[in-house]
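Structure assessment
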Amino acid sequence: MNKPTDSPSYPSIFAEGLWSNNIAMSQMLALCPLLAVTTSATNGLGMGLATLVVMVSANFVASILRHIITPQVRIPVFIVLIASIVTLVDMWLNALMHELYKVLGLFIPLIVTNCAILGRVESFASKKNTLPAIADALAMGLGFIWVLVVIGGAREILGSGTLFAHASLLLGSNFEWMELTILSDYQGILLLVLPPGGFLMLGFLLSLKRLIEKIITARTLKALNHQQPDKLIAELS
Amino acid sequence: MSLFSAPVKRPLYFDRIGYQAALLAGVCSLVAVLILGGNKATEEKIAIALRQDQLNMLEQVLPSTLYNNNLLEDTLRIPELLNKFGSETLYVAKFDKNIVAYAFIVTQEGYSGEIKLIIGLDQHGSILGVRVISHSETPGLGDKIEISKDDWIKGFNKLSFANTQRNSWAVKKDGGQFDQFTGATITPRAVVNAVVSGLDFFSNYSTAHSEPIPKEKNSQESTKPDEQTN
């Protein structure tokens, strides 16, 4: 166990957030918004960006206030802070990106209940300096975004034959080049757009991740095979 | 407590109930101020966006070249609409104070939940346009009622009780004139029924009120410049 004051290095923060301790793929948190919005890559990206903004602000505020918040009331304080940040994001998204809000609107308030955000605040930001806390939120948020975009993209291509449809609603008209029609006149696999498709895609992605990790472990083992056994044990444990 | 076992020395007042209450109160009031500020900064923009949404919705069934009044203000509240469809607003389109068209929202139970449609009718009760506002029909089957997926919904244009017999207002499977979709009959049937009940409402309404009957036929190709109000 790390001592609470230890600050992990920035590369390891990002490695954790993007891969080894990824919110959706390893911690298995935030699956409700993940399964619900990923019918297209654009939706996934929008939801991911909103979550990222909330995460960074929540970690930042929690880290600043960590010296005045007492352990006894920390949970209510964090929840109030996260809920108000989400409310503000909700308002500004509605005002500035109304078209996207109409797509995502239902899911933005749900970010409050996203245990991943409270989890990062509680386990990281409330014990660390501000900069590592922000870095952690960025890493975790980006890790969440890529999972959302990959699942959304896969479901969109197989389900409706497009990729990043309506992306210009999210990113502005300069990004119309992103809107691709991969398969024209494509009937689509209906199942993948429907809710079960989300579970299926997540399952495929998880097993792919496990497979990659297995291959990496096997390679390290092979490389270590001719070295000292104590080093091998250290690597395994 | 192990989570907070940092070697940082915490002041003694941390354990007092008073400090904790004050902390919670302080955080809550700070947050309340922030949210009030955010609301003040965004409410105007949100209101404009919502008005634009409504106008966009109405534009699909009432082309803005047809009228020159402010549709969002020239509305009537009809209790019968509220009872039947849950939305009481009757939008009245006028050209130089003469009523030229109406629009209202109708609902009907579809295959999986309510289908909400907006109907635009001219003053004689023939359909200018029907569009789906919201639905939860099966993607890929029932969602062909959306204009973005299929032109099917345009099949209602120009129809009225006057030019289409009552028993033709059904899908072909039921002996009517509207196509059903492969694998989805319930959805188009529901839409046809919704339109029929909308037309029913309108014919009751126009017989009960003398005002929908035009005093003078209004030419659509009017030479007057269009003063749009949007």
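Above this text is the structure in question.
We now turn to the structure provided with this report.

Conventions adopted
Along each chain, residue indices are assigned from 1 in the same order as the chain's sequence is written. Numbering of ligands from 1 and lettering of chains from A proceed in the order in which they are written. Reporting in this predicted model follows two pLDDT cut-offs: at least 70 for local features of residues, and 80 or more for side-chain atom pairs to be given and counted; totals over whole chains, interfaces and linings ignore these cut-offs and use all residues. Think of the side-chain values as coming from all heavy atoms in the structure, minus any hydrogens and water. Strands here mean DSSP runs of E at least two residues long; helices mean DSSP runs of H or I at least four residues long; both are numbered from the N terminus. Per-residue accessibility, obtained with a 1.4 Å probe over protein chains only, is compared with the maximum for each type, and a residue is labelled buried under 20%, exposed over 50%, and partly exposed between these values. Contact criterion: two residues are considered in contact whenever any of their non-hydrogen atoms come within 4.5 Å of each other. To measure how exposed things are, a 1.4 Å probe is used in the Shrake-Rupley method; for residues, cover is taken only from the protein chains shown. Lys and Arg are tallied as positive, Asp and Glu as negative. Neither His nor the chain termini are counted. Charged side chains are reduced to one point each, which is NZ for Lys, CZ for Arg, CG for Asp and CD for Glu. Note: two strands are recorded as paired if DSSP finds a minimum of 2 bridges between them. Only C-alpha atoms enter the line fits that serve as axes; for helices the fit covers just the stretch in contact. Angles between N-to-C directions range over 0 to 180 degrees.

Looking now at the overall build of chain A. Each helix and strand in chain A was counted, giving 11 helices and 2 strands. Ordered by position in the sequence, the α and β elements of chain A form the string α-α-α-α-α-α-α-β-α-β-α-α-α. Summarising its shape, the C-alpha atoms of chain A cover approximately 60 × 50 × 30 Å along the three principal directions. Looking at the 237 residues of chain A, the share that counts as buried comes to 45%. When contacts within chain A are restricted to residue pairs at least 6 apart in sequence, those whose partners lie at least 24 apart make up 75%. Total accessible area on chain A is roughly 11,700 Å²; 68% of this is exposed by carbon and sulfur atoms. Computing the positive centroid from 14 side-chain charges and the negative centroid from 13, chain A places the two 11 Å apart.

Among the structural elements, Asp122 of chain B can be located in strand β4 (residues 114–122). Once residues within four sequence positions are removed from consideration, Asp122 of chain B is found in contact with Val100, Ala101, Tyr102, Leu128 and Phe202 of chain B.

All names here are of chain B. Spatially, the 5 strands line up as an open sheet ordered β1-β2-β3-β4-β5, and their pairing is antiparallel. Each having just a single partner strand, β1 (75–77) and β5 (127–134) make up the two edges of the open sheet. Within this sheet the neighbouring strands show an average axis-to-axis angle of 25 degrees, counted without direction. Where β4 lies against β5, 6 bridges are found, and the strand directions are antiparallel. Opposite Ile118, over in β5, you have Arg131 as the bridge partner. Running at roughly 140 degrees to β5, helix α1 (residues 17–61) makes contact with β2 (89–95), β3 (98–109), β4 and β5 of the sheet. Against the sheet, helix α3 (residues 186–208) contacts β1, β2, β3, β4 and β5, and its axis sits at roughly 140 degrees relative to β3.

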